[in-house]
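# Understanding the architecture of this molecule
One letter stands for each residue in the lines below.
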Amino acid sequence: MTAPVAVVTGASRGVGRGIALALGDLGATIYVTGRSASVADVAAEVGVRGGHGIGVLCDHGDDAAVAALFSRVGEEQGRLDVLVNNAIALPPGLGDDLPFWERPLAHQAMFDVGLRSTYAASWHAAPLLVTARGLLVNTSSFGGGCYMHGPAYGAAKAGVDRLAHDFGIDLEPHGVTAVSLWMGILRTERTQAALEADPDRYGDLAARTESVELPGRVIAALWQHPERTRWNGQTVVNAELAVELGVTDVDGAQPPSHRSMLGGPPAVNPAIVR
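Taking an unreviewed UniProt entry as the reference, the protein chain is identified by name as NAD(P)-dependent dehydrogenase (Short-subunit alcohol dehydrogenase family) belonging to Nocardioides kongjuensis. Taken verbatim from the UniProt record of the protein chain, the Sequence similarities (unreviewed entry) comment is "Belongs to the short-chain dehydrogenases/reductases (SDR) family."

It is worth spelling out the overall build of the protein chain at this point. What the protein chain contains, in helices and strands, is 10 helices and 7 strands. Here the C-alpha atoms of the protein chain give a radius of gyration of 18 Å, agreeing with the 19 Å that 2.2 N^0.38 yields for 274 residues. Overall size of the protein chain, expressed as C-alpha extent along the three principal axes, is 50 × 50 × 40 Å. The buried share of the protein chain, taken over its 274 residues, is 48%. Looking at the protein chain as shown, the accessible area adds up to about 12500 Å², and 54% of this sits on carbon and sulfur atoms. Taken as two groups, the 20 positive and 29 negative side-chain charges of the protein chain have centres that lie 3 Å from each other.

With that out of the way, let us pick up unusual backbone geometry. For residues besides glycine, phi is generally negative; the peptide bonds are generally trans as well. Located in the positive-phi region is arginine 133, a residue other than glycine, with phi close to 50 degrees. Along the chain, the position of arginine 133 falls in the loop between α4 (109-132) and β5 (135-141). Located in the positive-phi region is histidine 149, a residue other than glycine, with phi close to 60 degrees. Here histidine 149 shows up in the loop between β5 and α5 (151-171). Judged by relative accessible area, histidine 149 falls into the partly exposed class, the value being 34%.

Moving on, we get to the nonpolar core. With 35 residues, the main nonpolar core has Ile30 and Ile219 as its most contacted residues. If one sorts the elements of this core by residue count, helix α8 (residues 214-224) sits on top with 7 residues. Tyr31, Cys58, Leu136 and Ala178 belong to the second-largest nonpolar core, a separate cluster that totals 22 residues.

This part takes up helix α9 (residues 238-245). For α9, the full list of buried residues reads Asn238, Ala239, Leu241, Ala242 and Leu245. Each buried residue of α9 lies within a common arc of 165 degrees when the element is viewed along its axis, so the set occupies one face. Among the structural elements, β6 (177-183), α8 and β7 (234-237) are those in contact with the buried residues of α9. Backbone geometry just downstream of α9 places glycine 246 in the positive-phi region, at approximately 75 degrees.

The subject of this paragraph is empty space enclosed by the protein. Using the criterion set out here, one finds 1 cavity of 30 Å³ or more in the structure. In this structure, the largest cavity encloses a volume near 60 Å³. In terms of lining, the largest cavity is formed by Asn85, Asn86, Ala87, Ile88, Gly114, Thr118, Asn138, Thr139, Ala156, Lys157 and Val160. Looking at the lining of the largest cavity, the elements that each hand over two or more residues are α4, β5 and α5. When residues of the lining of the largest cavity are assigned to their parent elements, the largest contribution, 3 residues, is made by α5. Class assignment for the residues of the lining of the largest cavity results in 4 nonpolar, 6 polar and 1 charged.

In this section: the environment of valine 130. Residue position: valine 130 is located in helix α4. Excluding its chain neighbours within four sequence positions, the residues that come into contact with valine 130 are Leu171, His174 and Val176.

A separate point is the environment of alanine 221. Along the chain, alanine 221 turns up in helix α8. Its relative accessible area of 17% is what places alanine 221 among the buried residues. With 24 residues separating them along the chain, alanine 221 and leucine 245 place their C-alpha atoms 6.6 Å apart. Residues within four places of alanine 221 in sequence aside, it is in contact with Leu245 and Val247.

Definitions and cut-offs
- Residues numbered from 1 in each chain as written.
- Predicted model: local features only at pLDDT ≥ 70, side-chain atom pairs only at ≥ 80, totals over all residues.
- Heavy atoms only, no water.
- UniProt positions renumbered as here; feature names shortened; annotations may be inferred.
- Helix = DSSP H or I, 4+ residues; strand = E, 2+ residues; numbered from the N terminus.
- Rg over C-alpha atoms; globule rule 2.2 N^0.38 Å.
- Buried < 20%, exposed > 50% of the residue type's maximum accessible area, 1.4 Å probe, protein only.
- Areas by Shrake-Rupley, 256 points an atom, 1.4 Å probe, with all protein chains shown as cover.
- Lys, Arg positive; Asp, Glu negative; His and termini not counted.
- Charge placed at Lys NZ, Arg CZ, Asp CG, Glu CD.
- Core = buried A, V, L, I, M, F, W, Y, C linked by side-chain atoms within 4.5 Å.
- Arc of directions from axis to C-beta.
- Contact = heavy atoms within 4.5 Å.
- 1 Å grid on protein atoms, 1.4 Å probe; cavity = no way out; pocket = protein on both sides within 12 Å on 5 of 7 lines; lining within 4 Å.
- Points joined across faces, edges and corners; volume = space filled by probe spheres on them.
- Nonpolar A, V, L, I, M, F, W, Y, C, P; charged D, E, K, R; others polar.

Shown next as structure tokens:
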């Protein structure tokens with residue numbers, strides 16, 4: 001299999017950075033996008049890992065910038081093997097224990113950079129993915145199925161899960177696989193700070209975290225799987241798919257699924273109305 005061409009959105013830090021680095025291990029050419037100049041640093045790290053990183057400053061709330069990104073990928077590569085929709089505007093105070101009307105109205109930004117941006121990026125990427133019979137991944141969380149961080153966050157995550165399902169229906173005849181990936185408790189800078197600031201609230205969750213590279217390792221293994229279309233249209237739990245694909249975390253550990261505590265992906269009716 002030739003090294004893939006990938007776009008990882010929202011990859012200037014956190015899990016987006018981790019996904020880009022893990023895909024770099026495949027020797028992939030990766031367009032690393034984000035609003036921060038640190039995309040250049042992540043692109044350089046991808047190069048150290050054996051891939052070819054290309055940092056692209058891109059505000060995924062800006063339609064013209066998104067269109068330019070995928071036009072560039074088409075002109076330079078002629079195809080796109082992997083799209084990872086990870087960009088989301090996570091507002092301050094997301095973890096505050098407040099009802100939605102006492103939270104800033106700005107929390108609706110997750111509908112723009114989060115839900116809408118996932119649709120827009122996928123719309124532009126679809127013709128390139130069809131050419132490559134590629135893989136489209138929406139990063140999501142257990143918040144798509146349970147109350148987590150308030151209604152705006154839950155709606156954004158449930159929305160990208162549903163997009164993956166419906167993208168999959170349209171993309172299936174073209175051999176493209178679309179999935180939504182429920183990640184666990186990731187060791188991002190934000191999560192680490194929250195765990196350290198209020199250890200009594202979060203208990204032993206720190207011991208059940210997973211690295212920011214584990215989702216990227218799972219995505220890489222899914223891309224390499226000869227029958228990846230069997231997951232098309234599904235919302236899958238990252239830790240569970242890791243076991244199924246034989247993937248471990250960077251330290252060799254097998255982080256647990258939180259299904260027993262937070263539930264699993266809800267079922268979607270198989271009916272198709274056109």
